[in-house]
Amino acid sequence: LPEEIPPVRAERGAVVYFTGCATNHLFADTGNATVRVLTAMGYRVRIPKGQTCCALPMLFHGAADQAGNSIQANIRALGGAEGDPILVDCATCGTALKKEYRLLCDTLHLDPEAVEGIAARVSHITPFVLEHLDELEFPDIAKSLKVTSHTPCHRKHGFGGEDMVAQLLKQTPGVDYRPAPDAEECCGGGGTFFYEYPEISKKMVDKKVASAQATGADIWVTDCPVCRINLAGNLEGETPMRVIHPLELLDIQLGRP
């Protein structure tokens, strides 16, 4: 995508989109849906080309020097366009930008003022879209979809408050929201946990899969790419259920591909 995408209706403002590694390299469908939804709301979307990995995976594995290089690159890329919200579709990336960089100013010799300026502008895409949901024009007849959800640990603990995805699903036309009783329990993904401790993770994710399938939902939404890989990869046998990002669901209901 280009570095700047204009809105498709009267312009309401501009946002900066931090895509993260998973959206950039694995789930382009999430990125394309996010851009379509935001531009349909009337927002100009800026995607700084200098952005790179949020650095959390490197930090968790002790590669502080590599992490520092990525963090400095992101500070340079995101430091402009003062005042424009920085939106993330992945809570892990959001946690890095909003919280973790603040803890590393002394260790990695970061500019505290620049770090604070970025942290103050970071928002998860879901509450932003929910706040501006009335700016979207849904078709008169929306698809009828049975949907359940999974709450990623990083969003639950990193952004706090009520589950915004559940609120979004309840307010999206055509969605029959079917909450699973264990929607907020860890799926066993845990960053790299699911391939470092596969036997433990498998027990956790099998429970989640059974619970989600019991709702009778056709679509399972989660806004964490690691959770998405783990959940989708453990849907075994004949099942109509597919795992997607909440913004992809919104995009479907807006009548887009």
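Read on for a plain summary of the structure. (Residues numbered from 1 in each chain as written. Predicted model: local features only at pLDDT ≥ 70, side-chain atom pairs only at ≥ 80, totals over all residues. Heavy atoms only, no water.)

Turning our eyes to something else, we now look at the sheet that holds strand E4 (residues 86-88). A sheet is described by the order of its strands in space; here five strands give the open sequence E1-E3-E2-E4-E5, paired in mixed fashion. In this open sheet, the two edge strands, each paired with only one partner strand, are strand E1 (4-5) and strand E5 (122-124). Pairing between strand E2 (residues 13-18) and E4: three bridges, direction parallel. The partner of Val16 across the bridge, within E4, is Ile86. Contacting E1, E2, strand E3 (43-46) and E4, helix H2 (residues 28-41) crosses the sheet at an angle of about 145° to E3. (Pairing = 2+ DSSP bridges. Helix = DSSP H or I, 4+ residues; strand = E, 2+ residues; numbered from the N terminus. Contact = heavy atoms within 4.5 Å. Axes fitted to C-alpha atoms, helices over the stretch in contact; angles between N-to-C directions.)

Most of E2 sits inside the fold, with five of its six residues counted as buried. Of the pairings in the sheet, the one linking E2 to E3 comprises four bridges and is parallel in character. Each bridged residue has a counterpart across the sheet, and for Val16 the counterpart in E3 is Arg46. (Buried < 20%, exposed > 50% of the residue type's maximum accessible area, 1.4 Å probe, protein only.)

This brings us to the sheet that holds strand E6 (residues 145-149). Reading across the sheet, the four strands line up as E7-E6-E8-E9 and stay open at both edges, with parallel pairing between neighbours. Bordering the open sheet on either side are strand E7 (175-177) and strand E9 (242-244), each of which pairs with just one other strand. Looking at each pair of strands side by side, their axes are set apart by 35° on average, direction ignored. Relative to E9, strand E8 (residues 219-221) runs parallel, the two being bridged by three bridges. Paired with Ile219 across the strands is Arg242, a residue of E9.

So yeah, pure geometry; function would need other evidence.
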